[in-house]
Amino acid sequence: MPRATTRPQPAGREPGAAPAAPLAPTPSQTIGPFFGYALPFPGGGQIAPAGHPDTVTVHGHVRDGTGAPVPDALLEFWQAGPDGSLTGAPGSLRRDPATGAAIGRDGVDFTGFGRVPTDADGRYVLRTLPATAPAGRPDAAPYLAVCVFARGLLHHLATRVYFPEHATANAADPLLAQLPTERARTLLARADGPGRYRFDVQLQQTADGTHEETVFLAFR
């Protein structure tokens, strides 16, 4: 004869007791961040080869929704080479063959990649070659691709930096052309000296509207 079975009861419940109320979902949380521990490498913001005469400086601040600087953010930059190539070059993440320690760039090759932490004032500095449009994209304006990591972000944010001297190309760029003027302006660096550009990253619009959120991109 088949034998009856009894479903095990959770600890603390008597047989026949009413089911416990479902638990509320645990809210999303972040621990850290720990970007400064392992990700930065020597010369991470020095994309241009040492002493290159065309080197430009891109600098700015990362700020949160209150307008306060974010001192522990990390920005990664990618850009096409002077010929528009996207293949890049090795050399950014070299390691000492004896100790295994990261020793950074070789100072000669243009890799097209940079990784820069913000300082205590939420500021970053990047030295690189002038932006170019990717090869095979005649409709695109020159730009730097940026990825932003910061405290409180469960997912990194992607954006771009365009430059004011390419006004005609910017007007025809497929991304900028589909944005309202005031939103497109958040992707435009501004010149603040010979070979210097200012580009701030605003993670969220401030309550008083004085700082508009930077346009961030979703890739599908």
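Here the structure is shown first, and the text comes after it.
Because the structure is predicted, anything quoted here is derived from the model rather than measured. (Residues numbered from 1 in each chain as written. Predicted model: local features only at pLDDT ≥ 70, side-chain atom pairs only at ≥ 80, totals over all residues. Heavy atoms only, no water.)

### Considerations on the packing of aromatic side chains
The relation between two aromatic rings is expressed through the spacing of the ring centres and the mutual angle of the planes.
Thought 1: For the coordinates displayed, the defined rule picks out five aromatic pairs.
Thought 2: When the ring of phenylalanine 41 is compared with that of phenylalanine 113, the centres are 6.5 Å apart and the planes differ by 15°; the resulting orientation is stacked. Within this pair, whereas phenylalanine 41 is found in the loop between helix 1 (35-38) and strand 1 (56-63), its partner phenylalanine 113 is found in strand 5 (residues 113-117), the two being separated by 72 residues in sequence. Accessibility classification places phenylalanine 41 together with phenylalanine 113 in one group, the buried group.
Thought 3: An angle of 80° between the planes, with centres 4.9 Å apart, marks the rings of phenylalanine 163 and tyrosine 197 as edge-to-face. Taken together, the positions of phenylalanine 163 in the loop between strand 8 (157-162) and helix 2 (167-172) and tyrosine 197 in strand 10 (residues 196-198) put the pair 34 residues apart, joining distant regions of the chain.
Thought 4: Take phenylalanine 163: its relative accessible area is 5%, and that puts it in the buried class.
Thought 5: Among the residues examined, tyrosine 197 registers a relative accessible area of 11% and is labelled buried.
Thought 6: By the ring-pair criterion, three or more aromatic residues cluster together here, those being Phe41, Trp78 and Phe113. (Phe/Tyr/Trp six-rings, centres within 6.5 Å; stacked < 30°, edge-to-face > 60°. Helix = DSSP H or I, 4+ residues; strand = E, 2+ residues; numbered from the N terminus. Buried < 20%, exposed > 50% of the residue type's maximum accessible area, 1.4 Å probe, protein only.)

### A look at the layout of surface pockets
Thought 1: Volume-wise, the largest pocket comes out at about 330 Å³.
Thought 2: Taken together, 14 residues form the lining of the largest pocket, with Arg185, Thr186, Arg190, Asp200 and Glu212 sitting closest to its centre.
Thought 3: Residue composition of the lining of the largest pocket, grouped by class: two nonpolar, five polar and seven charged.
Thought 4: Taken as a whole, the second largest pocket encloses approximately 190 Å³ of empty space.
Thought 5: Lining the second largest pocket we find Asn170, Leu176, Leu179, Pro180, Thr181, Ala184, Arg185 and Leu188. (1 Å grid on protein atoms, 1.4 Å probe; cavity = no way out; pocket = protein on both sides within 12 Å on 5 of 7 lines; lining within 4 Å. Points joined across faces, edges and corners; volume = space filled by probe spheres on them. Nonpolar A, V, L, I, M, F, W, Y, C, P; charged D, E, K, R; others polar.)

### Comments concerning the sheet that holds strand 2 (residues 74-78)
Pairing between the strands of a sheet is mediated by backbone hydrogen bonds and can be parallel or antiparallel.
Thought 1: Pairing is antiparallel in the open sheet, where four strands are placed in the order 5-2-7-8. Each edge of the sheet is formed by a strand with only one pairing partner; in this case those strands are strand 5 and strand 8. Here the average twist between neighbouring strands, direction ignored, is 25°.
Thought 2: Pairing of strand 7 (residues 143-149) with strand 8, which is carried by six bridges, proceeds in the antiparallel orientation. The partner of alanine 145 across the bridge, within strand 8, is arginine 160. (Pairing = 2+ DSSP bridges. Axes fitted to C-alpha atoms, helices over the stretch in contact; angles between N-to-C directions.)

Honestly, that's just the spatial picture; any functional story needs more than this.
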